[in-house]
Amino acid sequence: MPAADEAWLGAFAQGLFALADRYGVDLVGGDTTRGALIVINMTALGEVPAGTALRRSGARPGDDIWVSGELGGAALALVHPEIGEAAKRLHEPEPRVALGERLRELAHAAIDVSDGLTGDLAHILERSRVGALVHYEQVPRAPAFRHVKDAALEKRCVLSGGDDYELLFTAPQACRAPLESVGKELRLPLSRIGSIRSGASPLEVLDADGRPMSYCGGFDHFAAP
């Protein structure tokens, strides 16, 4: 950080430790240095029972594709920071820890939506060596889009925007009822948005009329600036 700002640091620490205490996380170690920008890097370490880790490589043909919560709000805030509910999604993402724990017994594959729906789903498809069909109208989106009424911006944010940190996962059709029950129990909307197909065919997104849509991929960490 360029300089020590006691008020900012106090507020940041209060939010950080409130969330850490909520999930039983300990902060161990750390180093503070001076720089031109405020940059905070953290590494989270944890464990799961043996053999229960949800990976990107487990998707199977016939699986439903699900996503938690709503998408696009965080990306919308980058364009319209004045929209408070979108800004909250960007600056205060909600860790879906409880859902992740429940999915260990129901899902085949999972990933969080940090780089955009299409980009993160592509990671599952690549690792699982399968294809997918997504219905755009079934993708849940942030209510904040009612303030902008820009269809092109909405599509870009919902399909390609990142930083929502919702969980994107695949599960067998037989798990539809149990997943709906989990969503109700956690008071968290879970939406079926498509299906996994056999083969390494690319991801296809269909519009409301069942026609293929063009879309941008998610954030690419290795793309040239």
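Residues numbered from 1 in each chain as written. Predicted model: local features only at pLDDT ≥ 70, side-chain atom pairs only at ≥ 80, totals over all residues. Heavy atoms only, no water.

Structural notes on the nonpolar core
Stated precisely, the cut-off is as follows: Each nonpolar core is a collection of buried residues, namely Ala, Val, Leu, Ile, Met, Phe, Trp, Tyr and Cys, held together in the definition by side-chain atoms within 4.5 Å. Between buried and exposed lies partly exposed: a residue is buried under 20% and exposed over 50% of the maximum accessible area for its type, with that area taken using a 1.4 Å probe on protein chains only.
Counting residues in each nonpolar core, the largest one holds 37 residues, and the members touching the most others are Ile65, Leu76, Leu121, Val134, Leu168 and Ile193. Counting residues in hydrophobic clusters, the runner-up holds 14 residues, among them Leu99, Leu103, Val182 and Leu190.

Quick word on the side chain of Ser160
Quick note on the threshold: Numbering of helices and strands runs from the N terminus; a helix is a DSSP stretch of H or I covering at least four residues, while a strand is a stretch of E covering at least two. Here a polar contact means two N or O atoms within 3.5 Å. Within protein one must be a hydrogen donor candidate and the other an acceptor candidate, and residues neighboring in sequence count only if both atoms are side-chain atoms. We call two residues in contact when some of their heavy atoms are within 4.5 Å.
In this structure, Ser160 sits in helix H6 (residues 151-160). Assessed through its relative accessible area of 13%, Ser160 is described here as buried. In this structure the side chain of Ser160 is engaged in a polar contact, spanning 2.5 Å, whose partner is the backbone oxygen of Cys216. Residues contacting Ser160, with those up to four places away along its chain left out, are Asp115, Gly116, Thr118, Lys155, Cys216, Gly217, Gly218 and Phe219.

Re the packing of aromatic side chains
Defined as follows: Here a pair means two rings of Phe, Tyr or Trp (six-membered ring of Trp) with centres within 6.5 Å. Their orientation is stacked below 30 degrees between planes, edge-to-face above 60, and tilted elsewhere. Ring-over charges, as used throughout, are those where CZ of Arg or NZ of Lys falls within 6 Å of the ring centre and within 35 degrees of the ring normal.
For the structure on display, the rule yields two aromatic pairs. Here the aromatic rings of Trp8 and Phe12 are separated by 5.3 Å at their centres, their planes lie at 5°, and the arrangement is stacked. Highlighted residues: Trp8 and Phe12, both in helix H1 (residues 6-22), separated by four residues, approximately one helical turn. Given the relative accessible area of 33%, Trp8 is considered partly exposed. Just above the ring of Tyr136 sits the side chain of Arg141; from NZ or CZ to the centre is 4.4 Å.

A look at helix H3 (residues 84-91)
For clarity, the cut-off: The directions from the helix axis to the C-beta atoms form the arc being described.
Where H3 is concerned, the buried positions are Ala86, Ala87, Arg89 and Leu90. Here the buried residues of H3 occupy an arc of 155° about the axis, which is enough to place them on one side. Residues of H3 that are buried sit in contact with helix H2 (73-79).

Description of the environment of Leu99
Of note, Leu99 is situated in helix H4 (residues 97-103). Expressed as a C-alpha distance, the spacing of Leu99 and Leu188, which sit 89 residues apart in the sequence, is 8.6 Å.

Some words on the sheet that holds strand S3 (residues 131-135)
Heads up, the condition is: DSSP bridges decide pairing: two strands pair if at least two such bridges lie between them. Helix axes are fitted to C-alpha atoms over the stretch in contact, other axes to C-alpha atoms as well, and angles between N-to-C directions run from 0 to 180 degrees.
The strand order across the open sheet formed by six strands is S2-S4-S1-S5-S3-S6, and the pairing between neighbours is mixed. Bordering the open sheet on either side are strand S2 (109-112) and strand S6 (203-206), each of which pairs with just one other strand. In this sheet, adjacent strand axes meet at a mean angle of 25° when their direction is disregarded. Pairing of S3 with S6 involves four bridges; the strand directions are parallel. Bridge pairing in S6 links His135 to Leu206. Its contacts with the sheet place helix H5 (residues 117-128) against strand S1 (64-68), S2, S3, strand S4 (167-171), strand S5 (190-197) and S6, and it is angled at close to 145° to S2.

Topic: the pairing of S1
Most of S1 sits inside the fold, with five of its five residues counted as buried. Residues of S1 alternate between two faces, with Asp64, Trp66 and Ser68 on one and Ile65 and Val67 on the opposite face, all of them buried. Sheet topology places S1 next to S4; four bridges connect them, and they run antiparallel. Residue Ile65 lies in a different strand from S4, and its bridge partner there is Thr170. Pairing of S1 with S5 involves five bridges; the strand directions are antiparallel. Bridged to Ile65 within S5 is Gly194.

Considering the side chain of Ser128
Within the element layout of this structure, Ser128 appears in helix H5. Relative accessible area serves as the criterion here: at 11%, Ser128 is assigned to the buried category. Reaching out from Ser128, the side chain makes a polar contact with the backbone oxygen of Ser57 at a distance of 3.4 Å. When residues no more than four places from it in sequence are discounted, the contact partners of Ser128 are Arg56, Ser57, Gly58 and Ala59.

With respect to the pattern of salt bridges
Stated precisely, the cut-off is as follows: Here, a salt bridge means any side-chain nitrogen of Lys or Arg that lies within 4 Å of a carboxyl oxygen of Asp or Glu.
By the definition in use, this model includes twelve salt bridges. Linking Arg146 and Glu85 is a salt bridge whose minimum nitrogen-to-oxygen distance equals 3.1 Å. Remark: Glu85 occurs in helix H3 and Arg146 occurs in the loop between S3 and H6; sequence separation between them is 61 residues. Owing to a relative accessible area of 33%, Glu85 belongs among the partly exposed residues under this scheme.

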